[in-house]
Amino acid sequence: MGVPVNSGSAAGHESLESMSLEPLMTRDYERDPAIVYERLRQAHGPVAPVDLLGVPVWLVLGYEEAYEVLRDDHAWPKGLENWRARREGRLPEDWPLAPSLDVNHVLIQGGEGYRELKVAWDTALRPFQDPRHPVAKRLKAQITRDADELISLFTQGGRTGWADLSAQFSRPLPLMVASHLLGFPGSQHDDALMDMWRVLDAGPDAGPALERLLATLSELGAWKMKEPGDDFPSYLLASHPGLSVEELSRELMMLLGMTSDHVGILISNTVVEVITGNLPASASLSAGLIRETMNRVVMQKPPLINFVPRFPSKDMKLGNHTIAAGDPVWVSVGAAHADPTFAGKVCPESTISTRAHLSWGAGPRQCPARELAGGAAAIGVSRLFERLSGLELSLPVDQLPWRSSPFMRGLRSLPVRYTVSGTPALPVPPVPPLPAAAGSAPADEAAGRPRSSLWRYLAGLVRGR
Ligand code: HEM
C-alpha cells in the first residue's frame, strides 16, 4: 500500500534512474501487453520500474496499489510541474510522448488551476448526460441518424458484403458525435475531423495536422466567445469565463480526442466480444442489456490501458519499492485487471458483472463523461446489431491487428462479413430542434446536409472495394 517513507530514509534506496530498466514498448507488448505485464509482475511485484520510450517511469501493475494511487489525489497528484526529472531538464528533447502531455489539458493538469477547470467540465457535460435535457435528446437522435447513415453507406452494395467496421463505422461515428458536441458552425468541421484522424494515427502527417487542428479549434473557441450556443465550448466558457482562447482550444482538443478515440475503441471491442461468441456478452446483448455487455468489455479490454502520470508529493513505499517524490507513476489498468487479487474474484458467469473495475478510473479524477461515452457507444452498437442480422470476423480473432500505443489499446482495423437484416430499419426519429440560439445554427440540417470531406472519404472506401 502507499505509505509515506520517513524523511531521509529514501536516500538509502536505489533511485529509478540508476536501475536497469526493461523497455515497455516492445513487439511482445504490441502483440499482447499481458505477456509483458506478467513478466514485470514476476520480476518486481505490483510496481515495476520500466523504460517508457527512453524515459524511466514506475508502472503500477497491482490492483490494490493502482486503486490506492487513483483514490488519493493528495498523495499522488497529477501536474507536469511535479515531475522532478522534467523540472531538472532531464527528459530527452525528442521524447515522443512529450507533445501529447505538454498539451496540459484537464486530464494532465494538477494544482489550483485544475480545480476550476474540473468544475467547468462537470457543468458543461451535465446537459448532455441528463436524458431529460433537450440537448441530450437532440444528441441521441443525431447519433442514431449518423449511425444509420453510416450503416446504409457501407451496406449499399448489396445484402451481404465485407467492411472494415473500424474505418467505416466505429471511428467515424464518434468523430461525428464530437462534432455535434463542439457545435461547429457551417462546414468548418470538415477538415478538422479528418485532421483528428491523422493525429490519432500518428503517421508522418500528424504534426501539421495537429497544428491545423489547434488553429481550427482556436477559431471555434473565439467564435463561441462571441456567439455562444447550446454546445460544449459555450457551456464550458459560461462556467469558466476566464479561459483564454488557447486554453479553451486545448480542452476542445481533449474532448475531440477522448470522444473519437475511446468511444470508437469501445464500439469495436464490444462488436468483437459479441461476434466471437463470448456467451455472457451475446446472451446479455440479446436480452437488450447492451450497457451490461459494455461493462464486461471495458473491464476485459480497457480502452485507456495506461493512465497519464502522477507524481508522489513525498517519498512513498508502494509495492516492493520506494518511489521518490516527483518520480513519474503510471497506473496500468490493463495490468491491474489481470492481477489475481482482482481477476481471481471476477465471476465470468454472473449475469451482472462487477463495477469495481478501474476502466473509467477511480477516485476524484475518474472519467466525468461516462454516461455520455457509454450512451453514444451503446447507440452505435445497438444500431449495428439491429440493422445487420449476420456479422462475423473475416480474420481469426487472434490475428486482428492492434495499434501500438502506451496509452490506448484499440484495433487498427476490424474486417467483417455482414448480412443486412431482412426487416427494414426502424424509422429514425427526426432530430428535435433546440430553441434558437446564436452560434448553434445546425448548418448541416439547414443546408440540406452537404457532405463533409469525412463523408467523401467514407464513400471512397465503399467505391474502392
Ligand atoms: C469509452 C470512452 C472513455 C473511457 C474508457 C474513458 C476513461 C477515462 C479514464 C480511465 C479517466 C481517468 C484517467 C486518470 O485517472 O488518469 C478519464 C478521465 C477523463 N475523461 Fe474519460 N473516458 C472515455 C470517454 C470520455 C469522453 C467522451 C470524454 C469527454 C467528452 C471524457 C472526458 C474525460 C475527462 C475530462 C477526464 C479527466 C477527469 C479529471 O482528471 O478530473 N472521457 N476517462
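Source: prediction; values computed, not measured. Note on numbering: residues in each chain are counted from 1, in written sequence order. Given that this is a predicted model, residues contribute local features only at a pLDDT of at least 70 and side-chain atom pairs are listed and counted only at 80 or more, while totals for whole chains, interfaces and linings are drawn from all residues. Hydrogens and water are ignored here; the side-chain numbers use all heavy atoms of the structure.

What about empty space enclosed by the protein?
Move 1: The way it works is a 1 Å grid over only the protein atoms, where trapped points that fit a 1.4 Å probe form a cavity and open points with protein on both sides within 12 Å along at least five of seven lines form a pocket, and then any residue with an atom within 4 Å of a point lines it. Grid points are joined across faces, edges and corners, and a volume is the space filled by probe spheres set on the points. Applying the stated criterion across every chain, the model contains four cavities of 30 Å³ or more.
Move 2: The volume enclosed by the largest cavity comes to roughly 640 Å³.
Move 3: The wall of the largest cavity is formed by 35 residues, among which Leu107, Met254, Met258, Cys367 and Pro368 lie closest to the centre.
Move 4: Each helix corresponds to a stretch of at least 4 residues labelled H or I by DSSP, and each strand to a stretch of at least 2 residues labelled E; elements are numbered beginning at the N terminus. Among the elements of the structure, helix H6 (111-129), helix H13 (245-275) and helix H18 (370-387) are those that each provide at least two residues to the lining of the largest cavity.
Move 5: Among the elements that line the lining of the largest cavity, the one with the most residues is H13, at seven residues.
Move 6: Under the grouping applied here, Gly and all other residues not named as nonpolar or charged are polar, the nonpolar ones being Ala, Val, Leu, Ile, Met, Phe, Trp, Tyr, Cys and Pro and the charged ones Asp, Glu, Lys and Arg. Classifying every residue of the lining of the largest cavity by side-chain character gives 25 nonpolar, six polar and four charged.
Move 7: A volume near 90 Å³ is recorded for the second largest cavity.
Move 8: Forming the boundary of the second largest cavity are Ser166, Ser170, Arg171, Ser260, Asp261, Gly264, Ile265, Ser268, Asn269, Arg403, Gly410 and Leu411.
Move 9: Put simply, the parts of the chain that give the lining of the second largest cavity at least two residues each are helix H8 (165-170) and H13.

Some thoughts on the packing of helix H12 (residues 232-239) against H13
Move 1: Only the stretch in contact is used when a helix axis is fitted, and all axes are lines through C-alpha atoms; the angle between N-to-C directions ranges over 0 to 180 degrees. Here H12 crosses H13 at 135°, and the two axes come no closer than 11 Å. Relative to H13, the element H12 lies oblique. Seen along the crossing, H12 lies across H13 with a hand that is right-handed. From H12, Phe232, Pro233, Leu236 and Leu237 reach across to H13, where they touch Leu248, Glu251, Leu252 and Leu255.
Move 2: Partitioning the contact of H12 with H13 into residue classes produces seven nonpolar, no polar and one charged. Each angle gets one of four labels, with under 35 degrees taken as roughly parallel, over 145 as roughly antiparallel, 65 to 115 as roughly perpendicular, and the rest as oblique. The sense of a crossing depends on the near helix, which, turned anticlockwise from the far helix by less than a right angle, makes the crossing left-handed and, turned clockwise, makes it right-handed. Working rule for contacts: check all heavy atoms of both residues, and any pair within 4.5 Å makes them a contact.

Notes on the sheet that holds strand S9 (residues 388-393)
Move 1: Taken together, three strands build an open sheet; the order of strands is S5-S10-S9 and the sheet is antiparallel. Looking at which strands have only one partner, the edges of the open sheet turn out to be strand S5 (160-164) and S9. If you compare each strand with its neighbour and ignore which way they point, the axes differ by 25° on average.
Move 2: Strands are treated as partners if at least two bridges between them are detected by DSSP. Pairing analysis gives five bridges linking S9 to strand S10 (residues 415-420), with the strands arranged antiparallel.

Some words on the confidence of the model for the protein chain
Move 1: Across the chain, each position has a pLDDT score giving the predictor's confidence in that residue, from 0 to 100. Of the residues in the protein chain, 85% have a pLDDT of 70 or more, and the chain-wide mean is 87.
Move 2: Within the model, the stretch residues 436-448 combines pLDDT values under 50 with 21 contacts to residues more than four positions away or in other chains.

Regarding the site of the ligand
Move 1: Whether a residue is near a molecule or strand is decided by its heavy atoms; if any one of them lies within 4 Å of it, the residue is near. In the vicinity of the ligand, 27 residues are found, and the nearest of them are Lys78, Tyr114, Arg310, Arg365 and Cys367.
Move 2: Counted as a polar contact is a pair of N or O atoms within 3.5 Å, where, for protein atoms, one must be capable of donating a hydrogen and the other of accepting one, and residues adjacent in sequence contribute only when both atoms are in side chains. Side-chain polar atom of Lys78 to an oxygen atom of the ligand: 2.8 Å apart, as the coordinates give it.
Move 3: Between Arg365 and the ligand, the recorded distance is 2.9 Å, taken from a side-chain N or O atom to an oxygen atom.
Move 4: To qualify as sitting in a cavity or pocket, a molecule needs more than half of its atoms within 2 Å of the grid points. With respect to the pocket detection grid, the ligand is positioned in the largest cavity.
Move 5: Counting only elements with at least two residues in the shell around the ligand, the list comes to H6, H13 and H18.
Move 6: Classifying every residue of the shell around the ligand by side-chain character gives 18 nonpolar, five polar and four charged.

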